[in-house]
Amino acid sequence: MTLQQPIPAPAPEPAAAPQAETSTRVTPMMEQYLEIKAAHPGLLLFYRMGDFYELFFEDAEIASKALGIVLTKRGKHQGADIPMCGVPVERAEDYLHRLITAGHRVAVCEQTEDPAAAKARGNKSVVRRGVVRLVTPGTLTEDTLLDARANNYLLAIARARSSAGGDRFGLAWIDISTAEFMVTECSGGELAATLARINPNEAIVTDALYSDNELGPTLRELPAVTPLTRDVFDGATAEKRLCDYFAVATMDGLAQLTRLEATAAAAAVTYVDRTQVGKHPPLSPPAREASGATMAIDPATRANLELTRTLAGDRRGSLLDAIDCTVTSAGSRLLAQRLAAPLTDVAGIARRLDAVSAFAADSAAREDMRSILRGAPDMSRALARLSVGRGGPRDLAGIRDGIVAADQVLARLSELAQPPQEITAVMAAMQRPSRELAAEFAAALAEQLPLIKRDGGFVREGYEPALDEARNLRDASRLVVASMQARYADDTGVKGLKIRHNNVLGYFVEVTAQHGDKLMSAPLNATFIHRQTLAGQVRFTTSELGEIEAKIANAGDRALGLELEIFERLCAKALDISEDLRAAAHGFALLDVATSLAKLAVDENYVRPEVDSSLGFAIEAGRHPVVEQALKRNGEPFIANACDLSPAPGQKSGQLWLLTGPNMAGKSTFLRQNALIALLAQIGSFVPASRARIGIIDRLFSRVGAADDLARGRSTFMVEMVETAAILNQAGERSLVILDEIGRGTATFDGLSIAWAAIEHLHESNRCRTLFATHYHELTALSAKLPRMFNATVRVKEWQGNVVFLHEVLPGSADRSYGIQVAKLAGLPPAVITRAKSVLAKLEAQDRGQTARALVDDLPLFAVPSRAAAEVAPPSEADLLMEAVKALHPDEMTPREALDALYALKAKLPKQ
Ligand SMILES: Nc1ncnc2c1ncn2[C@@H]1O[C@H](COP(=O)(O)OP(=O)(O)OP(=O)(O)O)[C@@H](O)[C@H]1O
């Protein structure tokens, strides 16, 4: 990382560090340090001292522990030792990365004047310093600090309290490394799912929200949450702050935002401004994401279905890993974004599928496109680095190569006979960036480019005559030095005489110790001035060497200055057309996703799903995308299975399938594969099936697998019940629900009863498409009474006392679980198996199934209360008033809001 350096290479300050201090007096430097530190609470301060960033006091203790570096002492403050540690500037990037990953935020403080200038102000003056940047997890731009395959979002969360109950939230999220800027609004109930979808690396909230009891647990799920003062979230100044950021008089032309969205958006840009200290990274205008435009998937479901990470936390083994064949980082990021937010809009899904179809059908176009994309650089991140002054010559080359790739893409796409809409849009985007710019960059940049601009050497010879002249002068002078060495060797008769260079002495003449005296005595001492005697060598300078050195330095400085000017010029040109470049970059990502999904479809034999607005759900020969690939690697086949949850003829709502079957038969796999197929269809991907017809699913719920949430003080069973409660309370007719063995975490009869009641509720009240796997075979009896419930089972064969898994899902119900056979396979001692068999025989004699059948007949089934009926007696006026007063938060209200609330309360009083 090239941290912003107002002075190219600050020299170490002469009056070093907070010096030994015997009294309680504070040194000027410590005074400066403490002042800067106090202005940045909650951040570790990287305080620049020459070639190091130094940390003091508690910062030093935290950093030394987090980085595993030595903690030392430097001087005293108020009589006590000052703990100190330091990291070399050269390696700061690495250390920053580790601190950010460990959840810290860092303020980078640089010397903002030359130490010589400080000295000129007086011997005791301290070099001026200032914080040039705050490094926080959500505001990174450096390649090395970022994961190339994932977006890095900063999210601002604004809350509006409502006395009518039900808070609303405004969300704004920004990836400054790609300039994306999105906003949306959601209810309290939708917040967790929305946060899980956005998956921010850092969230900012008000202090009040940060310490809110209700929201605390949800916020703590996020990797980093930064509390900020209320003014950052001030709704009254939001519009003005946004206008200032985008340099417009009104936001109307850029985006139509609700007040709450604008509040969050303004908080986000204010924070970006603060962290970049004066730099103004360009952002796209905030794009509004309509609520309901994407499938809602709560965090538990995302985790359980292992969409982007497995339950163990690895990318490998997740759905994303199984379907990601992209060849660029931007493509990989877009695919992850799509997977996080499947669409609910039939036309939008069809447009994406059309693009995938085009490349699935044309393998030559697909492969050509992928090979062009492979060479295309990550333009949006290069652009972002250039915009905040952290770009290097290779970022300019990235822009140049991007435009060249855009031409190649265009040429190849125009060969397509009938490009679908998404591809014609990409072609239009590819035409936007200026070709002259690419030509100019090509002429300006050298073949081999250094990583950073600081030392020059990146401008091509012949591009700027003045630069060539300065470089020639510098190089010619270097030749003169070489010829001088030969001449001095002759003049002195010392054959081994060398002219060398180092940073302390500059150019010097060096001879071995045995010749030292000769050069120090007359007549040679008139020319050679002694500078240094080392163990084996003696070093001299000459006035001639001093002159030539000054010439070299001058020419070198001039060449470097010219190069840096050229860099700034080219950088400004790129930023002038940043919108066009970003559009083309997005085009690359779109193409990468479309071609990679096409490749996946062809390689893995996926089909195009039929997605419509019905409540249908019919999958023929469906497979699990991840398990199938895993089995394939071992040369084993995956057994495909059908699933049909579509409303039966004469029915309006979808079906509930109750799946029974032995352990290890494949029930969980079947449940998950159907959810994943629906999800893939709605991101616009082909699916692992021979045919799939899916009516849009607006919410996906799952309760599969069991895990303790000890951090939140919840047992396995409690987690299971919390997740089940969320489903029963929220699932609607358009939802897809998959439930795996609910009730198994408690005593048999409690579990069976809960599962029983949950099925009735899902069938009668939620009326959603549901897959329900269970070992309670008694539940199959319910199908006699529930018209939209269907029993299915996974087939096994018993052979010589052992069980053989066939993994085939068929209509019907399992008669037993074969648990003991599976336990035998797992290696339980034979004595235990024999004993278990005899206990089972006894228990079976009591026949729980009989009881269940009786229950179905005896219990009035439709005791399932409808939602309306379940509500208790209407609350009294006094209750309503009390509730309304409870919901008020005077500290978070403007005077105007407080007055409105007072009127609203008065209006609730009974009329006399
Ligand atoms: N359709 C299939 N084709 C081939 N192998 C399968 C199939 N379904 C499942 N399997 C294999 O069987 C294993 C067990 O599957 P799964 O975990 O779905 O069983 P289960 O019925 O849910 O078991 P339990 O009731 O013990 O939780 C899987 O890991 C997978 O390797």
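Residues numbered from 1 in each chain as written. Predicted model: local features only at pLDDT ≥ 70, side-chain atom pairs only at ≥ 80, totals over all residues.

Each helix and strand counted, the chain has 32 helices and 27 strands in total. Once the C-alpha set of the chain is aligned to its principal axes, its extents read approximately 125 × 75 × 65 Å. Each of the 912 residues in the chain was classed as buried or not, and the buried ones make up 41%. Nonlocal contacts in the chain, meaning residues at least 24 apart in sequence, comprise 70% of its contacts between residues at least 6 apart. (Helix = DSSP H or I, 4+ residues; strand = E, 2+ residues; numbered from the N terminus. Buried ≥ 20, exposed ≤ 12 C-beta atoms within 10 Å, placed from the backbone. Contact = placed C-beta atoms within 7 Å.)

So, on to the sheet that holds strand β7 (residues 154–160). Judged by pairing direction, the sheet is mixed, and its six strands sit side by side in the order β11-β10-β7-β8-β9-β12 without closing on themselves. On the outer flanks of this sheet lie β11 (225–228) and β12 (287–288), each paired with one strand and no other. Pairing of strand β10 (residues 202–206) with β11 involves four bridges; the strand directions are parallel. From the neighbouring strand, threonine 206 faces β11, where its bridge partner is leucine 228. Lying on the sheet, helix α5 (residues 188–198) is in contact with β7, β8 (168–175) and β9 (180–187); it crosses β9 at an angle near 155°. (Pairing = 2+ DSSP bridges. Axes fitted to C-alpha atoms, helices over the stretch in contact; angles between N-to-C directions.)

Taken together, the neighbourhood of the ligand is formed by 14 residues, with Asn663, Gly666, Lys667, Ser668 and Thr669 sitting nearest. Of all elements in the fold, only α23 (625–633) and α24 (667–683) reach the threshold of two or more residues within the shell around the ligand. The dominant element in the shell around the ligand, judged by the number of residues it contributes, is α24, at three residues. Class assignment for the residues of the shell around the ligand results in six nonpolar, seven polar and one charged. (Near = placed C-beta within 6 Å. Nonpolar A, V, L, I, M, F, W, Y, C, P; charged D, E, K, R; others polar.)

Strand order across the open sheet formed by four strands is β14-β15-β17-β16, with antiparallel pairing between neighbours. On the outer flanks of this sheet lie β14 (498–502) and β16 (529–533), each paired with one strand and no other. The sheet shows a mean angle of 40° between the axes of neighbouring strands, taken without regard to direction. Examined bridge by bridge, β16 and strand β17 (residues 537–541) share four bridges and lie antiparallel to one another. Considered in β17, the bridge of glutamine 532 is made with arginine 539.

UniProt records the feature "binding site: ATP" (unreviewed entry) at Gly661, Pro662, Asn663, Met664, Ala665, Gly666, Lys667 and Ser668, using the numbering of this structure. Here lysine 667 shows up in helix α24. Its 27 C-beta neighbours within 10 Å are what place lysine 667 among the buried residues. When residues no more than four places from it in sequence are discounted, the contact partners of lysine 667 are Leu659, Gly661, Ala773 and Val794. (UniProt positions renumbered as here; feature names shortened; annotations may be inferred.)

This part covers helix α1 (residues 28–38). Among the residues making up α1, those that are buried are Met29, Met30, Tyr33 and Lys37. All buried residues of α1 lie within an arc of 95° about the axis, which places them on one face of the element. What points out from α1, more than 90 degrees from its buried face, is the exposed set Glu35 and Ala38. Residues of α1 that are buried make contact with β1 (44–49), β2 (52–56) and β3 (72–77). (Arc of directions from axis to C-beta.)

Our focus in this paragraph is the packing of helix α2 (residues 57–67) against helix α3 (residues 92–101). With their axes 10 Å apart at the nearest point, α2 and α3 run at an angle of 95° to one another. Taken together, the axes of α2 and α3 are roughly perpendicular relative to one another. For the pair α2 and α3, contact is made by Ala63, Ala66 and Leu67 and by Tyr95, Arg98 and Leu99, respectively. (Parallel < 35°, antiparallel > 145°, perpendicular 65-115°, else oblique.)

Moving on: the nonpolar core. Grouped together as the largest cluster of nonpolar side chains are 180 residues, with contacts concentrated most on Ala264 and Ala268. Sorting elements by how many residues they give to this core places helix α22 (residues 578–604) first, with 14 residues. Leaving out residues up to four positions away in the same chain, alanine 264 has contacts with Ala156, Ile157, Ala158, Gly170, Leu171, Ala172 and Val183. The next biggest cluster of nonpolar side chains, apart from the first, holds 28 residues, and it includes Leu43, Leu44, Leu55 and Val131. (Core = buried A, V, L, I, M, F, W, Y, C linked by C-beta atoms within 7 Å.)

The peptide bond linking alanine 522 to proline 523 adopts the cis configuration, its omega dihedral lying at 5°. Relative to the helices and strands, proline 523 is located in the loop between α20 (513–520) and β16.

Helix-helix packing is described using two parameters, namely the angle between the two axes and the distance between the axes. As a packed pair, helix α16 (residues 393–413) and helix α18 (residues 435–444) sit with axes 9 Å apart at the nearest point and diverge in direction by 130°. Here α16 lies oblique to α18, going by the angle between them. Classified by chirality, the crossing of α18 by α16 is left-handed. Note on element contacts: α18 touches α16 through Arg435, Leu437, Ala438, Phe441 and Ala442, opposite Leu396, Ile399, Arg400, Ile403 and Val404. When the residues that make up the contact of α16 with α18 are grouped by side-chain class, the tally is eight nonpolar, no polar and two charged. (Left-handed = near helix turned anticlockwise from the far one by under 90°.)

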